[in-house]
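# Descriptive structure summary
Next come the chains, spelled out residue by residue.
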Amino acid sequence: MAKRRFIAGAKCPQCEQQDSIQLIIENNVERIECVSCGYKQTQTSRDAEGAAKGDKESIIGLFKPE
Ligand SMILES: [Zn+2]
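What you see is a predicted model; the values in this text were computed from it and never measured.

This part covers the environment of Gly9. Counting through the fold element by element, Gly9 comes out in the loop between strand E1 (3–6) and strand E2 (21–26). The exposure class assigned to Gly9 is partly exposed, which follows from its relative accessible area of 48%. On a C-alpha basis, the gap between Gly9 and Asp19 in space is 5.5 Å, while along the polypeptide they are 10 residues apart. Gly9 has contacts with Gln18 and Asp19, leaving out every residue within four places of it along the chain.

Structure, rendered in structure tokens:
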């Protein structure tokens, strides 16, 4: 069963829609798919996911309770 989730802030390289990119993990293969225009790309690295996570972590890091 494939896992799907949207990548916040990701922009489709084809139609340039923001937040329309889904990350799909199936059989340990990551790929991205645009729900707007149908653009598909197999992920060879975790760049897209890592970037999204990194952004979130850096934002949380700014609001550390003292
Ligand atoms: Zn697209």
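Right, let's talk about the pairing of strand E3 (residues 29–34) for a bit. Where E2 lies against E3, 6 bridges are found, and the strand directions are antiparallel. Bridge pairing links Ile25 to Glu30 in E3. Linkage of E2 to E3, two consecutive antiparallel strands, is achieved through a turn of 2 residues, within which Asn27 is found at a positive phi near 55°. Summarising the sheet, E3 and strand E4 (residues 40–42) pair through 3 bridges and their orientation is antiparallel.

Analysis parameters
- Residues numbered from 1 in each chain as written.
- Predicted model: local features only at pLDDT ≥ 70, side-chain atom pairs only at ≥ 80, totals over all residues.
- Heavy atoms only, no water.
- Helix = DSSP H or I, 4+ residues; strand = E, 2+ residues; numbered from the N terminus.
- Buried < 20%, exposed > 50% of the residue type's maximum accessible area, 1.4 Å probe, protein only.
- Contact = heavy atoms within 4.5 Å.
- Pairing = 2+ DSSP bridges.

Remember, this is a structural readout, not a statement about activity or role.
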